[in-house]
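# Breakdown of the fold
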Amino acid sequence: MEKPAEDDTISAWPYQVELSPYVRDVDSLKSYQVGFFSLDGEILGWSEEFSEPVFSFTGEMRGGGNLTDDAAWRAYVHFDQDGYSFS
């Protein structure tokens, strides 16, 4: 994850997220997504899935609710390879 960096503070939405592009040779790159975790490691929620590594995140998590707590952001990529799906 390029932006936000580990010590960045996000003070307003929407926020321009920048992930490192996934450049490995896979059959089908499906999407990028960010998972949000409490500082204790518990899952708070997920962003929507995006087709590009740079996207605008509004603060609304998939399935409803807004990201309001301090959180660790972790990047995920979803792809298909040899008939299997990976995240």
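Please refer to the structure placed before this passage.
Below is a short write-up of the structure. (Residues numbered from 1 in each chain as written. Predicted model: local features only at pLDDT ≥ 70, side-chain atom pairs only at ≥ 80, totals over all residues. Heavy atoms only, no water.)

### Things to note about the environment of Asp70
Following the sequence through the fold, Asp70 ends up in the loop between strand 4 (54–57) and strand 5 (72–81). On the basis of relative accessibility, which here comes to 61%, the residue Asp70 falls in the exposed class. (Helix = DSSP H or I, 4+ residues; strand = E, 2+ residues; numbered from the N terminus. Buried < 20%, exposed > 50% of the residue type's maximum accessible area, 1.4 Å probe, protein only.)

### So, the packing of aromatic side chains
Given two aromatic rings, one states the distance between the centres and the angle between the planes to describe the pair. The tally for this structure, following the rule as stated, stands at 11 aromatic pairs. An angle of 80° between the planes, with centres 6.3 Å apart, marks the rings of Phe37 and Trp46 as edge-to-face. By relative accessible area, which is 9% here, Phe37 ends up buried. Residue classification places Trp46 among the partly exposed positions, given a relative accessible area of 31%. One aromatic cluster in this structure is built from Trp13, Tyr15, Phe36, Phe57 and Trp73. The ring centre of Phe37 lies 4.2 Å from the NZ or CZ of Arg74, which sits over that ring. (Phe/Tyr/Trp six-rings, centres within 6.5 Å; stacked < 30°, edge-to-face > 60°. Lys NZ or Arg CZ within 6 Å of the ring centre and 35° of its normal.)

### Overview of the nonpolar core
Grouped together as the largest cluster of nonpolar side chains are 14 residues, with contacts concentrated most on Val17, Val34, Phe36, Phe57 and Trp73. Broken down by secondary-structure element, the contributors of at least two residues to this core are strand 1 (15–18), strand 2 (28–37), strand 4 and strand 5. Here Val17 is in contact with Lys3, Val34, Pro53, Val54, Phe55, Phe57 and Trp73, once residues within four sequence places are set aside. (Core = buried A, V, L, I, M, F, W, Y, C linked by side-chain atoms within 4.5 Å. Contact = heavy atoms within 4.5 Å.)

### A short note on the environment of Lys30
Summarising the element assignment, Lys30 is placed in strand 2. In this structure the C-alpha to C-alpha distance between Lys30 and Phe79, which are 49 residues apart in sequence, comes to 5.0 Å. Discounting residues that sit within four places of it in the chain, Lys30 has contacts with His78, Phe79, Asp80 and Ser85.

### Considerations on the pairing of strand 2
The element strand 2 is largely enclosed, with a buried count of 7 among its 10 residues. With 9 bridges connecting them, strand 2 and strand 5 associate as antiparallel partners. Looking at the pairing, Ser31 lines up with His78 of strand 5. Across 3 bridges, the pairing between strand 2 and strand 3 (residues 43–46) is antiparallel. The partner of Phe37 across the bridge, within strand 3, is Ile43. Taking the residues between adjacent antiparallel strands as the criterion, strand 2 and strand 3 are bridged by 5 residues, where Gly41 takes a positive phi near 95°. (Pairing = 2+ DSSP bridges.)

### Remarks on the layout of surface pockets
Each pocket or cavity is described by its volume, and for the largest pocket that value is around 440 Å³. Lining the largest pocket are 18 residues, and of these Asp8, Ile10, Asp70, Ala71 and Trp73 lie nearest its centre. Partitioning the lining of the largest pocket into residue classes produces 11 nonpolar, 3 polar and 4 charged. (1 Å grid on protein atoms, 1.4 Å probe; cavity = no way out; pocket = protein on both sides within 12 Å on 5 of 7 lines; lining within 4 Å. Points joined across faces, edges and corners; volume = space filled by probe spheres on them. Nonpolar A, V, L, I, M, F, W, Y, C, P; charged D, E, K, R; others polar.)

As far as function goes, none of this settles anything; it's purely spatial.
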